Structure formats: structure tokens, C-alpha cells
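# Architecture and fold: a report
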Amino acid sequence: MFRFYKNLNLFILLLLGTEVYSQTSFEEKVTSASNVRLAVSNVGVFGNGFRGYRDNSGNESCEYPAGSGIEHLFESGIWIGGLQDGTRVVVSTSAIDDNSGYSTGDPGFEFYAEPGTGLEERSSLRDSPFYSPFAVSQQDYVSTFSDRYLIVPGTNTPVAGHLNPLFVEVNMKVYNFNFSFSDFVVFVDMEIINTGNQSGSNVIDSLYFGMWANTVVRNINITPPGSGGTAFYNKGGNGFIDSLNMAYCYDYNGDVGFTNTYISQRFLGAEDKFGFHHPTLDSTFESNYNAWEFNTTGSGFFLAPLTDNQRYQKLTRGLEDEDCWDVNVGCGGSPSGTFQEQLNTDGNRADLVSVGPFRDFGLGDTINIAYAYILASKIDDGRPNTENNPRQQAQLIDNANSAQTAYNGEDVNFNGILDPGEDKDNNGRITRFILPSPPDIPRIKTIARDKSIDLYWSNNSEESIDPITQIKDFEGYRVFATKLGYDVTKVPNLLEDLIQIGEFDIKGNGFANEIGLETIKLKNPIAFDIDNKELAVDSIFDNGEWEYFISPGQVDIKDSTIYFYKYTLNGLLNGWQYAVAVSAFDRGNPEQNLLPLESSLLGNNARVFPGKEENSDIKENQPYAYPDPYYFGSSWEGKSNFQEQSRKLIFANLPKRCYIRIFTPAGDLIDEIYHDENYKGEDIRWFQTFGSENLENNTFSGGEHAWDLLSSFTQIISRGIYVFAVEDIDTGEIQKGKFTIIK
């Protein structure tokens, strides 16, 4: 009953939330193509104030690496300010310091979308349901919003304190690449248009644009989000690298050891009717950095701006322009020191990276501007985490440089001019965010077996055409798997945890290791039916190429994918989680200075649990539980702030469909579990914390089911001997067993 009501309450919360947001045209999605899980909205708000953990939706705010539990961002948004018609200072913001995060109509949340509009998703992947020839990355989010509304569109709610709009519209495109050389960044590419008001030309001069953020780096698998009130949020250290126009934050003393990462926001470049703008190219164009104690208002250096005038001052002048930035001349603070030293202590700060001025921004004019959220691992150099030295920042700086290169695109020498030889796509203008592309990600399928995993994949990668060289340059495949216990012995980072266990390439062409593909290639390609049984695939030779297809009579197919390759992992331990993946790599192109590229491991990895397969005769092969005896804190359970809900005992040798009932020795029913072939680990918390983000990517053997050692009323059971009974639904056969719990 408890679990039913819990799910019912979750359903009601989500239903109510959907109703509210659909009325106001608010939509939020989370990036999932790369290693960053960033909440993106259609009104210029990034992050979700950890709302995903309060409303049980589970939406991450800004998690990196994906699945690690390390959150980096409370909330973020754009600020635009300028002198409207030469006299009045006006600043419009999509997000400001607010303890509760985004709320429709609240002060500071001044950009809204038209009713019925939301986030359009696009993908450059041809087999994606969101494929679009206009997509830039593997996952684009596209939206349009404006500050012109005094009443929240679709409601009667006034936008509090928003009496003087700038009358600007923002066309926003968020890019999320899954390439290994860019899967740590989310790009925000914006077009700002002066739509004008009814009374005049609406000329905005000395316009500045800023990206505001309240970065909070904590591991919510170790410390629940928001626990301890302000103590949860005030553990961050901050800084600014002016040569990169980049602000950053890290965990100074919160969950140290479980949060060795940085988050940053960086300005990349801008263009208007006067040309391209960047501080390295234009001495009149500058970037500014400001930081202040979150939601502590006032007019001091480290106090949050409250009025339009105060916010405009923050946009137009930065802390790095003050003497105290790098010289302690009575700078105050606690502890005292330069501004940089004060920022590199624990606190809960909002910060702002702004750029400008943009001159004479008149009716119909457009400004194109790009920022990036860049994440990185903190290098362990043996020094204290609080030191925050250049060696510890090395990966962050490398990632920031890679992000800038990706933005530059065809503008290789970054001068804002299309020079001879740079126009790769021959469209007569600079194309930004044009990246060399590895082969398409192989489509994989996993079958869990007793102490082994069968890994199948398709040959779609072999038809990939590089967008720069315009040739098919596929060379081979690499197979990856994780070590035992990767998920529970440390903070998981799949890109580091996946270890190459095999490589195979085209033989005889003078590239790579000349291993060949024969040892992994199936004699005949196969597909799978709905019961995961292999299906024969027909083929014909037509126009000089083989074509493969599934016979029309075979209607019970699982999917239409045809698999050409197979790799088997043996000697595994049942009940443990293994992640596996297959990448495809190309030959590169020395003439174009392109190194060989490899497809992302994040695009097709699966979590697989070897175990006993479906049991057709439970009388002959009796079900059992393991580990038996069970000790609380079993080695495969890991550390979680939901520890009592993250226990795991496994029932094995189960039939395809059955009921598992657990009793005390006196015969009292403790819990009843339904098991079938579609089991994905959805009924216990362990898989939410340590399994795949998407339960559909969990693969089980069919004859095993995990239990969390909690009663049907989520009560913790005591040590002792317990009895269980397995009832085969198809045959009616019942077999009993027992297990022991030792605390």
C-alpha cells in the first residue's frame, strides 16, 4: 500500500506540474547526448533550482559526469541591459537570486514564451526521431522568448516589478554534442532582436549582455539536495580566468572526495551590424566578472544588485577592474585578502560574466552571441583541494579551449573574417560549431547470460561520411567494459570507467593495427524477435551492394535493427553490474590535419547484469536467493544517502513469469514481488542510484530479480532466517526456499 500511494502522489505532483507549466508555456528538458545533464528551459533559464529532487521528477539540474550524482548548478539565466532611447537604464533578466528558483511571474523572471510554444528538439543523427537537416549537434534545443510581456502569457498573472521592458526577442539554440572531444560542454547560441515598442524606434545604446549563475557543486548521492538549509549551499569556491572570459566554481569543503569537478560559464564571441566582437580583437569591447553573496542585496562589491541601475553597474564594470582584485589594499572581507583570495573560500555566491558595449541597437537590429557551460574533472595533484592551483585547473582550461575551438568553426585563426581556405561548406560565410565527425555510433544489443554477456551491434557506422572530408573513412570498432564494482567503489565516471577490451579494424588497407573484422563478424546477420530469440535475415545482391531485410512473415520482431557483429564477455560474476559499449573509429585525414576520431561511448552504452536465465522447470532447478547469508552492507551496494532503501538481495532461477513471496518463519507475509521478462529493476531504489539513468538500458538475464529487503510498507526487516516461495504463473508450480540475514 505504501508504494502505491507513493507512486500515486508522484503522479498527482507531475500532473499538477504539467498543468501549471502548459498554461504559461514553460517547458524544461534535460540534455542527454553528452556527459552533461543540464536542465534547459524555453524562457532562458538553465538549471532547475534542484526542483527535480523536490517534485520527484528526477530531472537533473546540471549533473556531471552523467550518473555520478554530482550537481553543479542551482540556476542560471541571461541578463540584458542598456540605455533605452538614450536616457533610461533598463535591465531585463531571465533569472536572478531566488531561494526557490524559477516561479512564474516572480520578480526577476522577465522572459516568457508565447502560449503553445516550447522547446523544439532537433538532432543531426539520421536515426533519431528528432532528426532535422537544420540541427547543429546531436541534440539541439530551440526556443523563442521575449521580455515584452507585462502579463505572463496565457494567464492573468502580472510579471512582478517588470514595468519597463527592453522589447527584445531571443532566439535560442542549445547545442549538445556527444563527441568525445566536446561531451563536457553545453553551448548556448543566441540571436537577440530589437522588436521595438509601439511608441518609437526603441534605440538601445551601450547594451551589455550577461550570463548569471548560482553554481553549487555537491554530490547529492552523498548529501541530499538542500539538506541542512544554507549549509548545503555555502561550500563553493569561485574564480575568474580573465584571459578566457570564464567564471568557475568548485566544491571547496562540502563533499570533497566525491565532487572533484569544476563548472564554468564562458563567453565565446558575438557579432552585430558593426562586425565580430571579442575582447582579444576589439579594445573597446570588454568582458566583466562580478560575484556576490547569493540573495544578499545591497550596493557593495559582494552584495546582490536589486535595482536596474545596480544591475547595469554590475554588467558594465567587473571586480577585475578594481585595485583589490589582485592587491590587498584594505579590501576587507572575512577572511581578508584580495578579491580573488576572498572568492577562493567557501560561500554561496552568484556570479555574472558580461560583455559589451553593443552600440546603436535599433529597431530590427540583431546581435548574435554565444556562451558555453563547461564542465571538467579536477586534477588530483596531491595538494589540498582548497588550493585550487593551475595544475588542478588544467583539465578545465583544456576543455575551455576545446569549447572555443568548436565555436570558432571555420574561423580557424579567430579573426572574425572568412579567410581563403576556411569556407569548408562553401556557403560564403563563417559557419561556427562545425566539427569534424567520427563515424555514427553503432547500434548495440546486449543479452545477459549466466556469468557472461553477449554484445551485438549493427554495421551502420560503416556508411558514415565525414562532414569535412566528405568521404567514408570508417576503419574499425573498439569494445569496452567496466571492471567489477566500478559503480559502487567510487564516484562513477563512465568515460573513465569503460576500459577497452578489444579492437578490430579493416585488414590490408595500411591503417590502424590490421587486425581484421572476421573474428567478430557473424556468419549470417541476425535480428531478434520479441522473446530475444535470434531471427534469420534474408539478403539480396542489388546494384553492386548487399541489401539485408527481415522477411515480411516474421512479424514478431523486437525491432528492425540487423546485427552483423558479436562479442562475448565470459567469466563474469552474476548479480553485479557491468557497463559495456562499442565505438567506431575512422582513419582521420592528414591532408586536412584531422586525427582519427572515435564515436562517443555515451551514445550506446548499456548496463548489464549477468545471471541465471529463465527457468522452465522450477521443480528440477529450484529457485534460490543470494548472497546467502546476507550481510548488511553487501559489497555490491555502494554508499548512498538512501542507504536503507539501497539494499540488494537477488532471487535466482526464476521462471519467465512468477510471484515471489517473502515470509517470516512464523508465516507472516513481508512482501510480494511480481517478476516477468520485462523486468528492468524499476521496483527498488538501488537501480535509480547506481543503475542506468534510463531503466530501459538495464539488461537482465530473465531468471533473476532483486529485492531491497524492505517490507511492503517499507519497514526495515530484522536479522534472522526468512522463507520465500516462488509461484510459476504459467504452470502453477510453487517452490520454497530460505535465506539468512546477518547484520
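### Observations regarding the nonpolar core
Inside soluble globular proteins, nonpolar side chains tend to come together where they are buried. Formed by 111 residues in total, the largest nonpolar core has its most connected members in Ile80, Phe187, Met190 and Ile369. In contact with Ile369, other than residues within four places in its own chain, are Val188, Asp189, Met190, Ile192, Phe209, Phe267, Gly269, Ala270, Val355 and Phe358. Judged by nonpolar contacts, the second largest core, of 41 residues, contains Ala448, Trp457, Tyr567 and Val608.

### Looking at the sheet that holds strand S30 (residues 624-626)
As summarised here, the arrangement of the 3 strands in space is S30-S32-S36, forming an open sheet in which the pairing is antiparallel. The two strands at the open ends of the sheet, each matched to only one other strand, are S30 and strand S36 (705-707). Here the strands of the sheet are splayed against their neighbours by 30° on average, with no regard to which way each runs. Bridge count between S30 and strand S32 (residues 649-652): 3 bridges; the pairing is antiparallel. Paired with Ala625 across the strands is Phe651, a residue of S32.

### Side note on unusual backbone geometry
Residues Tyr64 and Pro65 are joined by a peptide bond in cis, for which omega reads -10°. Following the sequence through the fold, Pro65 ends up in the loop between strand S4 (62-63) and strand S5 (70-84). Of note, the phi angle at Ser206 is positive, near 50°, even though the residue is not glycine. With respect to the helices and strands, Ser206 occurs in strand S11 (residues 204-219). Phi at Thr714 takes a positive value of approximately 60°, unusual for a residue other than glycine. Within the element layout of this structure, Thr714 appears in the loop between S36 and strand S37 (720-728). Exposure remark for Thr714: the relative accessible area of 26% places this residue in the partly exposed category.

Each value, and the rule that gives it
Along each chain, residue indices are assigned from 1 in the same order as the chain's sequence is written. Restriction of local features to residues with pLDDT of at least 70 applies here, the model being predicted, together with a cutoff of 80 or more for giving and counting side-chain atom pairs; totals for whole chains, interfaces and linings are based on all residues. Side-chain metrics rest on all non-hydrogen atoms present in the structure, leaving aside hydrogens and water. We call a set of buried residues a nonpolar core when its members are Ala, Val, Leu, Ile, Met, Phe, Trp, Tyr or Cys and they connect through side-chain atoms within 4.5 Å of each other. Accessibility here uses a 1.4 Å probe with only protein chains present; expressed as a share of the type maximum, an area under 20% marks a residue as buried, one over 50% as exposed, and anything in between as partly exposed. Residues count as neighbours in contact if any of their non-hydrogen atoms are within 4.5 Å of one another. Two strands pair if DSSP finds at least two bridges between them. Secondary structure elements are taken from DSSP: a helix is a run of H or I of four residues or more, a strand is a run of E of two residues or more, and numbering for both begins at the N terminus. Axes, fitted as lines to C-alpha atoms, cover a helix only where it is in contact. Angles between the N-to-C directions of the axes lie from 0 to 180 degrees.

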